[in-house]
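Architecture and fold: a report
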Amino acid sequence: MSPTPPSTTPNTLANKIILITGASGGIGRCAALTFAQLGASVILLGRNLKKLEAVYDTIEAAGGPQPAIYELNLQTATPHHYENLAAAMEAEFGRIDGVLHNAAELGKLTSLRQYSPEVWQRVMQVNVTAPFLLTRALLPLLQKSSAGRLVFTGSGVGRKGRAYWGAYAVSKAATENLMQVWADELEDTPIRVNSINPGATRTAMRAGAYPAENPLILKTPEDIMPTYVYLFSDSSGLVHGQQLDAQ
Ligand code: NDP
């Protein structure tokens, strides 16, 4: 599904509190800057404080609503860490209007026969287990929103498995299913749950997967933002359990 997102205004996301994982770079950083520009208070979650602070400073310099930083390594975080995160968000914001599950690990591009069990575990932890635990911990705060939004991040190789994409492909298929299970379970609530496949986008992850590719032929994170904004806006209230393509 790839709808034509309606045009945005500077108030499209006004007064919304949106947490973004992997906000330190690539698509997550761009989503944080874009959402703040449209009025949202963004919570920047990531493992690299310096990079998160740089995003924070950029938002402040642009005059956006004051963001927040939450440092967390999704690879090592335990359920206890997520409970602490939820308690901190409750104390600071009282509710959450949206979560963008964006952070991911590419892992290694190699055959399953040669795939390292350690890398497999790491990719599954960051790409699948972390979004599950984070959603579970934040659900009470999302339920306090009149229009909560959960957005998961898929990938073409999650829709159809491809040789040498290993744990990443498997994790992205699991992500789509995780989205669908949450969507089904939250059907009768105001929370809307969907996923986005960004498509080939000019980021460090894409460059790692396709080192010989000319990045200038690719869409930029800015180019694909309309679909992201749409899913967090009030206009997408009827969209639920869908897999959207950002390109
Ligand atoms: P990047 O590698 O540029 O950014 C990934 C982000 O995730 C970074 O902020 C990174 O933090 C963060 N991250 C990775 N591991 C962890 C961790 N253990 N704990 C906390 N944060 C972590 O990737 P993209 O922006 O390209 O990808 C964003 C999403 O889009 C991903 O889910 C990806 O799978 C998906 N996607 C991207 C495509 C593309 O062409 N770019 C195509 C299809 C899907 P740090 O800065 O510390 O490394």
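Look a little higher up for the structure.
Presented here is a report on the structure given in the accompanying data block.

So, how was this worked out
Throughout this description, residue numbers start from 1 for each chain and increase along the sequence as written. Where totals are concerned, whole chains, interfaces and linings use all residues; where local detail is concerned, this predicted model gives features only for residues with pLDDT of at least 70, and gives and counts side-chain atom pairs only at 80 or more. As a rule here, side-chain values come from all non-hydrogen atoms in the structure, and water together with hydrogens is ignored. Nearness of a residue to a molecule or strand requires only that one of the residue's heavy atoms be within 4 Å of it. Residues adjacent in sequence count toward polar contacts only when both atoms are side-chain atoms; beyond that, a polar contact is any pair of N or O atoms within 3.5 Å, and within protein one must be able to donate a hydrogen and the other to accept it. Shrake-Rupley sampling with a 1.4 Å probe provides the accessible areas, and residues are treated as covered by the protein chains on show and by no other component. Helix and strand assignments come from DSSP, with helices taken as H or I runs of at least 4 residues and strands as E runs of at least 2, each series counted from the N terminus. Under the grouping applied here, Gly and all other residues not named as nonpolar or charged are polar, the nonpolar ones being Ala, Val, Leu, Ile, Met, Phe, Trp, Tyr, Cys and Pro and the charged ones Asp, Glu, Lys and Arg. Multiplying 1.5 Å by the residue count of a helix minus one yields the expected span of that helix. Categorising residues by exposure relies on relative accessible area from a 1.4 Å probe, with only protein chains included: less than 20% of the type maximum marks a residue as buried, more than 50% marks it as exposed, and the intermediate range marks it as partly exposed. Contact between two residues is taken to exist if any of their heavy atoms lie within 4.5 Å; hydrogens are not considered. Patches in this entry comprise residues that are over 30% relatively accessible and not in a salt bridge; like charges within 9 Å are linked, as are nonpolar side chains (Val, Leu, Ile, Met, Phe, Trp, Tyr) within 5 Å. Here, a salt bridge means any Lys or Arg side-chain nitrogen found within 4 Å of an Asp or Glu carboxyl oxygen. The arc in question is the one traced by the directions running from the helix axis out to the C-beta atoms. Following DSSP output, two strands are said to pair if at least two bridges run between them.

1. Details of the site of the ligand
Within the structure, the ligand sits among 30 residues, and Ser24, Lys51, Asn102, Tyr168 and Thr203 are positioned closest to it. At a separation of 2.7 Å, an oxygen atom of the ligand approaches a polar side-chain atom of Ser24. Contact distances for the ligand include 2.9 Å between an oxygen atom and a side-chain N or O atom of Lys172. Bound to the protein, the ligand loses 92% of the 900 Å² it would expose on its own. No other element matches helix α7 (residues 204–209), which puts 3 residues into the shell around the ligand. A breakdown of the residues in the shell around the ligand according to their chemical character gives 11 nonpolar, 14 polar and 5 charged.

2. So, helix α6 (residues 166–185)
The periodicity of an α-helix, 3.6 residues per turn, causes residues three or four places apart in sequence to face the same way. For α6, built from 20 residues, the straight-helix expectation of 28 Å at 1.5 Å per residue is met to within 8% by its first-to-last C-alpha distance of 29 Å. Restricting attention to buried positions, one finds in α6 the residues Gly166, Ala167, Tyr168, Ala169, Ser171, Lys172, Thr175, Glu176, Leu178, Met179, Trp182 and Ala183. On its buried side, α6 packs onto α4 (117–142), β5 (149–153), α5 (156–159), β6 (192–197), α7 and β7 (243–245).

3. Structural notes on a nonpolar patch on the surface
A surface patch of nonpolar side chains, about 270 Å² in accessible area, is lined by Leu112, Trp120 and Val170. Mapped onto the elements, Trp120 comes out in helix α4.

4. Thoughts on the environment of Leu85
Its place among the elements puts Leu85 in helix α3 (residues 79–92). The exposure class of Leu85 is buried, given its relative accessible area of 0%. The spatial distance from the C-alpha of Leu85 to the C-alpha of Leu134 is 8.7 Å, given a sequence separation of 49 residues. Residues contacting Leu85, with those up to four places away along its chain left out, are Leu19, Leu45, Tyr70 and Leu134.

5. Overview of unusual backbone geometry
Positive phi, close to 70 degrees, is recorded for Asn15, a residue that is not glycine. One non-glycine residue, Tyr164, adopts positive backbone phi at about 75 degrees.

6. With respect to helix α2 (residues 49–61)
Here α2 spans 18 Å end to end across 13 residues, near enough to the 18 Å set by a 1.5 Å rise per residue. Every buried residue belonging to α2 is among Leu52, Val55, Tyr56 and Ile59, and all of these are buried. Along the axis of α2, the buried residues cluster in a sector spanning 100 degrees; they form a single face. Exposed positions of α2 whose direction lies more than 90 degrees from the buried face are Lys50 and Ala61. Sitting at the amino-terminal end of α2 is Asn48, which places a side-chain oxygen 3.1 Å from the backbone nitrogen of Lys50.

7. Notes on the pairing of β5
Of all 5 residues in β5, 5 are buried; the element is thus mostly enclosed. Burial along β5 is two-sided: Arg149, Val151 and Thr153 facing one way and Leu150 and Phe152 facing the other are all buried. As paired strands, strand β4 (residues 98–100) and β5 are joined by 3 bridges and run parallel to one another. Bridged to Val99 within β5 is Leu150.

8. Brief notes about the pattern of salt bridges
Two side chains carrying opposite charge are able to pair once their charged atoms lie near each other. As enumerated under the stated definition, the model contains 8 salt bridges in all. The closest approach of N and O atoms between Arg95 and Asp97, which form a salt bridge, is 2.8 Å. When its relative accessible area of 27% is taken as the criterion, Arg95 is described as partly exposed. Looking at Asp97, the relative accessible area reads 6%, which means it is buried.

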